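# Structural overview
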Amino acid sequence: MAPRPILTVDGLSVEFRTRNGTVRALESVDLTVAKGEVLGIVGESGSGKSVTAYTVIGLLDKAGRPVAGSAEYDGVPLIGTREKDLADLRGREISMIFQNPRAALNPIRPVGKQIEDVLLRHNQATRQDAKEKAIAMLEKVRIVDPPLRYWSYPYELSGGMCQRVMIAIALACNPRLLIADEPTTGLDVTTQKATMDLVQELTRASGMSVILITHDLGMAAAYCDRIVVMRKGEIVEAAPVAQLFADPKHPYTQKLIAASPGPNSKLSDLTAVPDEMEDAAPVQAPDAPPVRVMPPSRAPLMEVTNLVKEFPRRDAKSVWPWQKSETADTVFRAVDDISFSLSRGESLGLVGESGCGKSTTSSIVTRLLDPTAGSVFFDGEDITAFRAAKFARLPQRRKIQMVFQDPTDSLNPRFSSADSISDPLRRMVGLSGAALTKRVEELSDMVGLPRHLLTRFPHQLSGGQKARVGIARAIAADPMLLVLDEPTSALDVSVQAVVLQLLDRLKQELGMSYIFVSHDLNVVRLLCERVIVMNKGKIVETGTAEDVLTRPQQDYTKTLIAAIPQLDPARWRPPQTAAAPVPKAAE
Amino acid sequence: MRTKLAQVGRRLLQAVPSVIGIIVISFALTRALPGDPAVYFAGAMADEKSIAEVRVALGLDRSWIEQFFIYVGNLFSGNLGVSLNTGRPVLTELMTRLPASLELTFTGLGIAILIAVPLGVLAAVRPGSWIDHMCRVLVTAGVSLPTFFTGLFLIYLFYYLLGLAPSPLGRLDILFFPPEHVTGFYTLDSLIAGDGETFVAALKQIVLPALTLGLFALAPIARMTRAAMLNALASDFVRTARANGLSSATVLGTYAFRNAALPVLTTLGMVFSFLLGANVLVEKVFSWPGIGSFAIEALIASDYAAVQGFVLSMALLFVLVNLAIDTLLTLIDPRIGLDG
């Protein structure tokens, strides 16, 4: 028998008081973490994976309260223990790192001081040597020039650096259990990999146990020893990582694995396991060709030549307004002389890390931003000849539409679904009355949004439903080009799968062209024929999606692809079944 | 540090346009007042000829542009004209009365901060508790009760009914001599002079009017503190601090309150300007010899030099206070100045 686990959670149930009565957030959760083990808790939003961690560490919201079960850390009970005793454990024995590291650090306190606070609190340092130890911690998490960075504020550091500081704070007192709650969400893939590798290295070195909470199966597969799958507050399956991926027992696990785009998955695979919870109308999986081939040469819809966008530098070193800047570069080139073309009916992926210029490019292409130089020909006409503000009133406006990243923030909270969808119809197409109602209903059928949801407001809709409203609004005016700016990055994997299929079907039905902006190469590959990889405002590599992903030519592309935590269930499957398709469930 | 100093310097430069604007507006406003100042200056018995003479003597026969430059020239030499009401130079009047007003305003603001900030913090730490409800009641009362009413009510209660407070007539009981002029604040000056009795007497006089002002200023400060504190407590970095087991004193003080203090500080600048306006009424109620009551009398008598001087000094004071608060914010908040 294995030695006593460091953390034991037994039959833990948690209830939340809400305006509409109490809600069970956790339903008799059992789990154990052995010494030195990395346990992954995987699930979609609302599955209770974070609530589990917060309950264990005693940081639960005031509205939430454990109603049954127990949790023990190394023999010490954690539920119902006085806050003062729990606070002694936190940071010293059990530490936590969070998502969105920049917000998780005190914005007006130097990061070194924040490390000191923890050291001093748990008597791991005296006033005299605290600074020295804090700098040593910064060095341990490989921050360049630690004595200088000791005085940095979070806003002066990149997201990845902030997460390193968070790790330094969490590990400062040598805890024996680290809880990482979506530690890399919002970071670039290469930063993601570097951060997780660092966590792995540091925790392994000291035999620390880790609970990794994530929605990303690929990441869980890459870094965990054992995985617990949660859904709606319950654990549906727990198994060692190889076993879980090779032979998932629970249908939900199967569905999650199927919905996570891997290097070899096809669009139709994503929803091969039916979704019993999605209340939207089922979307027929299209019979898309398995490998996307470049369509025969078609007339270009859009031609971008020598596009440049410069922004004035904010951190220019001039101290007084009348002084000349000390640095030569007073402008920052976000987009640096790029050219590409897009055929009718083609989808083009625009891939790169944050700051590579992909969003700036898409904003110029949609004419929301004026370029510094270069031109964009759309349907044979130079649309950069008009200023962005004037373009909004031109007929071409309705031909280029956009789907935005955050389905919640991009909908007017005071507009019902019908209002949102009819807005472009009224403004750009000039529909009204019965014709308008009819078109809105048509559109909602097209995107698979049940008609009874048309009267609802964004806060009454699920993430997937909001995404559908956003898509219906974008296609309302019959655009020829749809620019999709990370349309699925805020969605759960199973919802993402459905939305991707919807987008693919709409493209075929309506013959639109797509420019798909994303950081996720696996997702881009599913939807796009051709891919452009950007870095620092320049195009690094371009080619068919298959070629770029499987045979990257440039070093940058190779790093980018290597950094994606690949989820390839076939890796764990015995060879004879590796080629077998995921069983198609009956519709 | 050098960039910080430069930021402060830049902020000081930004005040220059406001000051120029104030000078222009104070000039234009008083010229736009109804009535002919020359008629007032010449007196009731004056005939056409003497009015014309007065007009020439005052420079009112010249063009507006010329008058403006003369006005600016006078300003720089410290000449604000002569008050018609009192017959003394406006500058002297303002200088003797300003300390009285400032003493009252600062004491009122001090009382408000001392009550409102802890109240707001406690209300945020325990939302829904009795202290939160008390905070809400006080905020509502402070907003809805006009200062002259609170002032009169306090006088009625503490002077007329209970007899605890001295008669609400000015800064010091007539039995005492004002302390030697150092700061112009009677309470401070009497302490400097080591005169305990005068200090107590001055304190007794200032308590009620300062309380009246304090009640008025309390509402926005308590409200802002509560909101900012709730915001800070719900933030990710407070969660981090708690996840690291930091003591509740550190979590509340170093992490939550220091961040919450930034918006509160900004509000203080606004509250101060409200107080400058509220001062006028409170000084009237308590016969406080400040510039507020001086301004009312001047306004009633169309004493344009005095009104002009009042508007000018109030506006400058307002700019000064906001400048001080912005400078303070720049020094506290490392993020300010980079995205500005």
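Read on for an overview of the structure.

What counts and what doesn't
Residues numbered from 1 in each chain as written. Chains lettered and ligands numbered in written order. Predicted model: local features only at pLDDT ≥ 70, side-chain atom pairs only at ≥ 80, totals over all residues. Heavy atoms only, no water. Helix = DSSP H or I, 4+ residues; strand = E, 2+ residues; numbered from the N terminus. Buried < 20%, exposed > 50% of the residue type's maximum accessible area, 1.4 Å probe, protein only. Lys, Arg positive; Asp, Glu negative; His and termini not counted. Salt bridge = Lys/Arg side-chain N within 4 Å of Asp/Glu carboxyl O. Polar contact = N/O pair within 3.5 Å; in protein donor to acceptor, adjacent residues only side chain to side chain. Contact = heavy atoms within 4.5 Å. Core = buried A, V, L, I, M, F, W, Y, C linked by side-chain atoms within 4.5 Å. Buried area = accessible area lost by both parts, 1.4 Å probe. Nonpolar A, V, L, I, M, F, W, Y, C, P; charged D, E, K, R; others polar. Pairing = 2+ DSSP bridges. Axes fitted to C-alpha atoms, helices over the stretch in contact; angles between N-to-C directions. Disulfide = S-S within 2.5 Å. Parallel < 35°, antiparallel > 145°, perpendicular 65-115°, else oblique. Left-handed = near helix turned anticlockwise from the far one by under 90°. Phe/Tyr/Trp six-rings, centres within 6.5 Å; stacked < 30°, edge-to-face > 60°.

### Some points on the side chain of Glu237(A)
Residues and elements named next belong to chain A. Position of Glu237 among the secondary structure elements: in strand S10 (residues 234-240). No salt bridge is formed by the buried Glu237; its nearest oppositely charged neighbour, Lys249, is found at 5.8 Å. At 2.9 Å, the side chain of Glu237 forms a polar contact with the backbone nitrogen of His250. Here the side chain of Glu237 touches Thr253 through a polar contact of 2.7 Å, side chain to side chain. With near-sequence residues (within four places) excluded, Glu237 lies in contact with Ile227, Val228, Val229, Leu244, Asp247, Pro248, Lys249, His250 and Thr253.

### Quick notes on the nonpolar core
Ranked by internal contacts, the top residues of the largest apolar core, which has 171 residues, are Leu7(A), Leu78(A), Ile115(A), Ile227(A) and Ile221(B). When residues in this core are grouped by element, the largest group, 15 residues, is from helix H11 (residues 248-285) of chain B. Those residues in contact with Leu7(A) that sit more than four places away from it in its chain are Leu31(A), Thr32(A), Val33(A), Val56(A), Glu72(A), Tyr73(A), Leu78(A), Leu177(A) and Ile211(A). In terms of nonpolar packing, the next biggest core, distinct from the first, is built from 54 residues, Leu482(A), Leu484(A), Leu502(A) and Leu549(A) among them.

### A few points about the interface of chain B and chain A
As a measure of interface size, the accessible area lost when the parts come together is often cited. The partner chain A presents 37 residues to the 25 residues of chain B that form the contact. Carbon and sulfur atoms supply 60% of the area buried between chain B and chain A, which totals about 2,600 Å² over both sides. In this structure, the connection of chain B to chain A is made through 0 salt bridges. Here chain B is connected to chain A by 10 residue pairs in polar contact (both at pLDDT 80 or more). Of all the secondary structure elements, the ones that give two or more residues to the side of chain B that touches chain A are helix H1 (2-32), helix H10 (236-243) and H11 of chain B. If one sorts the elements of the side of chain B that touches chain A by residue count, H10(B) sits on top with 6 residues. Grouping the amino acids of the side of chain B that touches chain A by side-chain chemistry returns 10 nonpolar, 7 polar and 8 charged.

### Side note on the sheet that holds strand S13 (residues 347-351) of chain A
Sheet strands pair via backbone hydrogen bonds, and the direction of the pair is either parallel or antiparallel. Residues and elements named next belong to chain A. As summarised here, the arrangement of the 6 strands in space is S16-S17-S18-S13-S19-S20, forming an open sheet in which the pairing is mixed. One side of each edge strand has no neighbouring strand; the edge strands of this open sheet are strand S16 (400-403) and strand S20 (538-544). Strand-to-strand, the axes of this sheet are offset by a mean angle of 20 degrees, without reference to chain direction. Where helix H19 (residues 555-563) meets the sheet, its contacts fall on S13, strand S19 (530-535) and S20, and the angle it forms with S19 comes to roughly 100 degrees.

### As for the state of the cysteines
Residue and element names in this part refer to chain A. Counted according to the given criterion, the structure contains 0 disulfides over all chains. Between Cys162, a free cysteine, and Cys173, which holds the nearest cysteine sulfur, the sulfur-to-sulfur gap is 20 Å. The class of Cys162 is buried, set by a relative accessible area of 0%. Residue classification places Cys173 among the buried residues on the basis of a relative accessible area of 4%.

### A word on the packing of helix H7 (residues 147-161) of chain B against helix H9 (residues 196-233) of chain B
Residue and element names in this part refer to chain B. Following both chains from N to C, one finds H7 and H9 inclined at 140 degrees, their axes separated by 9 Å at the closest point. Comparing their axes, H9 and H7 come out oblique. Pair H7 / H9 crosses with right-handed handedness. Note on element contacts: H9 touches H7 through Leu208, Leu211, Thr212, Leu215 and Phe216, opposite Thr147, Thr150, Gly151, Leu154, Ile155 and Phe158.

### Some thoughts on the packing of aromatic side chains
Tallying each qualifying case throughout the model produces 10 aromatic pairs over all chains. With 6.3 Å between their ring centres and 20 degrees between their planes, Tyr153(A) and Tyr155(A) make a pair best called stacked. For the ring pair Phe149(B) and Phe153(B), a centre distance of 6.2 Å and an interplane angle of 15 degrees mean the geometry is stacked. With Phe149(B) and Phe153(B) both in helix H7 and 4 residues apart, this pair spans about one turn of that helix. With a relative accessible area of 40%, Phe149(B) lands in the partly exposed category.

### A few points about the sheet that holds strand S2 (residues 21-33) of chain A
All names here are of chain A. Pairing is antiparallel across the open sheet formed by 4 strands, whose spatial order is S2-S1-S4-S5. The strands lining the two open edges of the sheet, one partner per strand, are S2 and strand S5 (76-77). For strand S4 (residues 64-73) and S5, the ladder comprises 2 bridges, and the chain directions are antiparallel. The residue bridging Tyr73 from the neighbouring strand is Val76, located in S5.

### Thoughts on the environment of Ile257(A)
All names here are of chain A. Inspection of the secondary structure assignment puts Ile257 in helix H10 (residues 251-259). With a relative accessible area of 10%, Ile257 lands in the buried category. Once the C-alpha coordinates of Ile257 and Phe457 are considered, the two residues, 200 residues apart in sequence, prove to be 32 Å apart.

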